Amino acid sequence: MRKKIVAGNWKMNLLDEEVINYVVDFNSKKGEIESEVEIIIFPASLYLDTMISMPDWDIKIGAQNCSQHKSGAFTGEISAEMLRDFDYDCENLHYCLVGHSERRAYFNETNTILAQKVDRLLECELKPIYCCGEELEQRKSESHFEVVKSQIIEGLFHLDEKQILNLVIAYEPVWAIGTGETATSKQAQEMHQFIRETLKEKYNEEVANSISILYGGSCKPSNAKELFSQPDIDGGLIGGASLEVDSFIQIINSI
Ligand code: 13P
C-alpha cells in the first residue's frame, strides 16, 4: 500500500501572526478530517519554528528548499544538515521540496543541481519531494513525456533501490500552477502512470509501486476527488488552496 499524502506548499505567503492563526484554526477543525492520510505543510523556513512551537501541532512540516552544498560560503542558503539539526529526532520535519518549477524557472535550478539536493537530504535522512512537470509549450509540442522522463532520470536515477524508496515524487504541470487551469484527471493519470512505468524500467515493479506520486497544479475542493480517485495519483501538492484552512481540509477529505 502506497502512502497517501496531501501537502500544502505555502510558497512565500503568510507572516508569523497568520501562521499562528492558521494553526489555531486548523487545530480547532482537526476533528473534521476523515481521511487516513499524511498531511504536510511547507511554510516559509523562517516560520518552521513558529509552527512546531504551537501547542497540539502534530502535523508534519517540511522545508520548501535546501542548498545543494553541504556547508560553506553560500550566503542566504540553508543546508540539509541545518534542517535536520532544527528537528533532530524528525518528529515534525521530515520532508523538503526539491525542484519546484518556480525554483527551476526563477533560480535556474537544473536537474544536476537538484540531484545534488536530493543527495544532501538523503544523507541527512530527510525525505525529498521531487517535483517535475512540463511547460505549456512542451505539452503543445507533445514533448511532455520526454521532458518529465529526463527530469526523473537526471534528478533521481543515480540513486540505488534503497535510496529511491525514501522519496516522494510530485507531478506539477507548469501550465496548471496558479493558473486555475487543472490537468484533467485523464492527463494527470496518464503522466503518473508514465512516471511509474519509468521507475519500473530502471528499478522494478515493487519499487515503482511503492513510491507515492502526488499531483499539483490548481488542485481545489471541486476537482480533488476526481484527481485523487485515479489509480496512480496518491495525493496532492496544493498551493493556493492550502492557504485557507477550510479548503485545505476539504481537499484532505477528498482522498
Ligand atoms: P497551485 O495549487 O496554487 O496551483 O500551486 C501548485 C503548486 O505549485 C504546489 O507546489
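Before going into details, it helps to say that this report is about the structure given with it. (Residues numbered from 1 in each chain as written. Predicted model: local features only at pLDDT ≥ 70, side-chain atom pairs only at ≥ 80, totals over all residues. Heavy atoms only, no water.)

1. Overview of the site of the ligand
Contacts to the ligand come from N9, K11, H100, E172, A176, I177, G178, G217, S218, L237, G239 and G240. At a separation of 2.7 Å, an oxygen atom of the ligand approaches a polar side-chain atom of H100. Within the backbone of S218, a nitrogen or oxygen atom sits 2.8 Å from an oxygen atom of the ligand. Protein chains bury 95% of the 310 Å² of accessible surface belonging to the ligand in isolation. Each residue belonging to the shell around the ligand can be placed in one class, and the counts come to 3 nonpolar, 7 polar and 2 charged. (Near = heavy atom within 4 Å. Polar contact = N/O pair within 3.5 Å; in protein donor to acceptor, adjacent residues only side chain to side chain. Areas by Shrake-Rupley, 256 points an atom, 1.4 Å probe, with all protein chains shown as cover. Nonpolar A, V, L, I, M, F, W, Y, C, P; charged D, E, K, R; others polar.)

2. Here's the deal with the packing of aromatic side chains
As enumerated under the stated definition, the model contains 7 aromatic pairs in all. Relative to W57, the ring of F26 lies with its centre 5.6 Å away and its plane at 65 degrees, an arrangement referred to as edge-to-face. Of this pair, F26 sits in helix α1 (residues 16–29) while W57 sits in the loop between α2 (48–53) and β3 (60–63), and the two are 31 residues apart along the sequence. The exposure classification of F26 matches that of W57, with both residues buried. Relative to F248, the ring of F26 lies with its centre 6.4 Å away and its plane at 45 degrees, an arrangement referred to as tilted. Taken together, the positions of F26 in helix α1 and F248 in helix α12 (residues 245–252) put the pair 222 residues apart, joining distant regions of the chain. Members of the aromatic cluster, connected to one another through ring pairs, are W10, Y22, F26, W57 and F248. (Phe/Tyr/Trp six-rings, centres within 6.5 Å; stacked < 30°, edge-to-face > 60°. Helix = DSSP H or I, 4+ residues; strand = E, 2+ residues; numbered from the N terminus. Buried < 20%, exposed > 50% of the residue type's maximum accessible area, 1.4 Å probe, protein only.)

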